[in-house]
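Coordinate analysis (summary)
Letter by letter, the chains look like this.
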Amino acid sequence: MNFEGTYVAMVTPFTKDGTFDEEGFRSNINYLIDRGVNGLVGAGTTGESATMTHDEHRKVIEVLVDEVNGRVDTVAGTGSNSTSEALSLTKFAYDAGVDSALLITPYYNKPQQHALVNHYGTIAEGCDVPIIVYNVPSRTGCNIEVETAVELAKIDGIDAIKEASGSVDKISDLYRALTHEGLEDKFNILSGEDSLTLPIMAVGGTGVISASANIDTKRMVLMVDSILNDDYTRALELHYEMLELIRVLFVESNPVPVKTAMNLMGLPSGPLREPLCEMKDENLEMLKKALKDSNLI
């Protein structure tokens, strides 16, 4: 499967009593599709998957597939630090009808590099759904090295990586290594760092899985499309227009500022789940200013 364009790492809206807000989630899906996104990710990190029960996780995936109804790509977050659990979730997502699955590297237990190849290979072999590997070492304590990513790219069914290691040099090294193996068209690199989307795409990336696109959807879509159309002049303008807002949206742990911004914008979001909690007052004021400066509130 080819992954190209703007994919939104959706929040999971909750009601005041803390339960999954299905109506709000469906509304957000349509809001984002109307603004031109290429795909939607449900039950990922931005969706607070770490605090959802398995039943809630499955419900989010089912609702995502049902409401999208083939209009854009659907991606289910199905990763775990247990290979058997990740495989079970991925099988469920496949049966539910998703287009692909996003699997974070196993967290806390810090598997070796060859163990990562085994982990993802087991899931790819056990479930016929395109897989996006998610590398975010700041959250997991586990980093996929370039050589390991190339080995993953050779496995049938593993079609992309969401890279959130924060290094454009690493993306350059990875893309060069993929080209040496003739894998650059088979294996896509997606930005997992909103502020680095332009430089990552400039050195070989094909799109972004974005949390800030929940908020500033149109400009993120326009920037990514401009890059894909080789209009780097316009892309650079949009990058700098969005940069301050993107930085503020990550001033505290994601998705705290994103959900707060959505509440301020009148979009379904609701409360955070503990251990996450409300923003500090000074950061909240920064967020409000950035949203006003961007004409979003």
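Along each chain, residue indices are assigned from 1 in the same order as the chain's sequence is written. Per-residue local features are limited, in this predicted model, to residues with pLDDT of at least 70; the limit for side-chain atom pairs, both in listing and counting, is 80 or more; totals at the level of whole chains, interfaces and linings are taken over all residues. By convention in this description, side-chain values take in all heavy atoms of the structure and omit both hydrogens and water.

Examining the overall build of the protein
Per the secondary structure count, the protein includes 12 helices and 8 strands. Taken over the C-alpha trace, the protein has a radius of gyration of 18 Å; the compact-globule value for 297 residues is 19 Å, and the two agree within 12%. Its C-alpha atoms give the protein principal-axis dimensions of about 45 × 45 × 35 Å. Exposure classes here rest on a 1.4 Å probe applied to the protein chains alone. A residue is buried below 20% of its type maximum, exposed above 50%, and partly exposed in between. Buried residues in the protein amount to 54% of all 297 residues. Residue contacts are defined here by distance: any two heavy atoms, one from each residue, within 4.5 Å place the two residues in contact. Across the protein, every contact between residues at least 6 apart in sequence was considered, and the portion connecting residues at least 24 apart equals 72%. Under the DSSP-based scheme used, a helix requires at least four consecutive residues in state H or I and a strand at least two consecutive residues in state E, with every element numbered from the N terminus. Only C-alpha atoms enter the radius of gyration; for comparison, a globular chain is expected to reach 2.2 Å times N to the power 0.38, where N is the number of residues.

Observations concerning the sheet that holds strand β6 (residues 158-163)
Judged by pairing direction, the barrel is parallel, and its 8 strands sit side by side in the order β1-β2-β3-β4-β5-β6-β7-β8 before closing back on the first. The average angle at which neighbouring strand axes cross in this sheet is 25°, direction not considered. In this scheme, strands are said to pair when DSSP sees at least two bridges between them. Two strands pair when backbone bridges link them, and strand β5 (residues 131-135) and β6 are joined in this way by 5 bridges, in the parallel orientation. Residue pairing for β6: I131 is matched across the bridge by I158. Axes here refer to lines fitted to C-alpha atoms; in helices the fit is confined to the stretch in contact. Angles between the N-to-C directions go from 0 to 180 degrees.

Examining the side chain of T140
Mapped onto the fold, T140 is located in helix α5 (residues 137-140). At 3.2 Å, the side chain of T140 and the side chain of T105 are in polar contact. Among residues more than four places away in sequence, those in contact with T140 are I104, T105, P106, Y107 and Y108. In protein, a polar contact means a hydrogen-donor-capable atom and an acceptor-capable atom, both N or O and within 3.5 Å, with residues adjacent in sequence counting only if both atoms are side-chain atoms; elsewhere, any N or O pair within 3.5 Å suffices.

What to know about unusual backbone geometry
In this chain, N254 is followed by P255 through a cis amide linkage whose omega measures 10°. The backbone of E48 shows a phi angle near 55°, a positive value even though the residue is not glycine. Looking at the element boundaries, E48 is found in the loop between β2 (39-42) and α2 (54-68).

Here we look at the packing of helix α11 (residues 256-265) against helix α12 (residues 281-293)
Geometry of a packed helix pair, given as the angle between the helix axes and the separation of the axes. It is at 11 Å that the axes of α11 and α12 come closest, and there the two elements cross at 55°. Taken together, the axes of α11 and α12 lie oblique to each other. Taken as a pair, α11 and α12 cross one another with a handedness that is right-handed. On the side of α11, the interface is formed by P257, T260, A261, L264 and M265, while α12 contributes L284, L287, K288 and L291. Angular relationships are summarised with four words: roughly parallel below 35 degrees, roughly antiparallel beyond 145, roughly perpendicular across 65 to 115, and oblique for the angles in between. For any helix crossing, the convention is left-handed if the near helix is rotated counterclockwise from the far helix by under a right angle, and right-handed if that rotation is clockwise.

Quick notes on the nonpolar core
Put simply, a nonpolar core is a bunch of buried Ala, Val, Leu, Ile, Met, Phe, Trp, Tyr and Cys residues held in one set by side-chain atoms that sit within 4.5 Å of each other. Ranked by size, the top nonpolar core spans 46 residues in total, and within it M10, F25, I29, L40, I215 and M220 carry the most contacts. Elements represented by at least two residues in this core include exactly α1 (22-34), α2, α8 (197-202), α9 (217-228), α10 (232-248), α11 and α12. Filtering out sequence-adjacent residues up to four positions away, M10 remains in contact with F25, N28, I29, L32, L40, V41, T46, G47, L64 and N214. Formed by 34 residues, the second largest nonpolar core is a distinct cluster that contains L103, I131, I161 and I171.

A look at the packing of aromatic side chains
Ring pairs shown here join Phe, Tyr and Trp side chains whose ring centres sit within 6.5 Å, with only the six-membered ring taken for Trp; geometry is labelled stacked below 30 degrees between planes, edge-to-face above 60, and tilted in between. Taken as a whole and assessed by the stated rule, the structure comprises 2 aromatic pairs. Measuring from ring centre to ring centre gives 6.1 Å for F3 and Y7, while their planes differ by 55°; the resulting arrangement is tilted. The pair F3 / Y7 is uniform in exposure class, with both members buried. Considering the side-chain rings of F20 and F25, the 5.6 Å spacing of their centres and the 65° angle between planes classify their relative orientation as edge-to-face. The exposure classification of F20 matches that of F25, with both residues buried.

Here's the deal with the environment of L196
Residue placement: L196 occurs in the loop between β7 (188-191) and α8. Separated by 47 residues in sequence, L196 and L243 have C-alpha atoms that sit 9.6 Å apart.

Details of helix α6 (residues 146-153)
The buried fraction of α6 amounts to 6 of the 8 residues, a majority that puts the element mostly inside the structure. Three or more residues of α6 are buried, namely V146, T148, A149, V150, L152 and A153. Looking at the buried side of α6, the elements it contacts are α4 (113-126), β5, β6 and α7 (168-180).

Points about the pattern of salt bridges
Between Lys or Arg on one side and Asp or Glu on the other, a salt bridge is scored when a side-chain nitrogen of the former is within 4 Å of a carboxyl oxygen of the latter. Tallied over the full model, the rule gives 17 salt bridges. Between K59 and E22 there is a salt bridge, with its nearest N and O atoms 3.7 Å apart. Here the residue K59 occupies a position in helix α2, and E22 occupies one in helix α1, the gap between them amounting to 37 residues. Under the relative-accessibility criterion, E22 is labelled partly exposed at 27%. Among the ionic pairs, D216 bridges to R219, the shortest N-O distance being 2.7 Å. The class for R219 is buried, based on a relative accessible area of 18%. Taken together, the shared-partner salt bridges connect E22, R26, K59, D66 and E67 into one network.

Quick word on the pairing of β7
Regular strands show a simple pattern: their side chains alternate between the two faces of the sheet. Because side chains alternate across β7, one face comprises the buried residues N188 and L190, and the other comprises I189 and S191, equally buried. Judged from the 4 bridges that link them, β6 and β7 form a sheet pairing that is parallel. Bridge pairing in β7 places K162 opposite L190. Direction of pairing for β7 relative to strand β8 (residues 207-210): parallel, over a ladder of 2 bridges.

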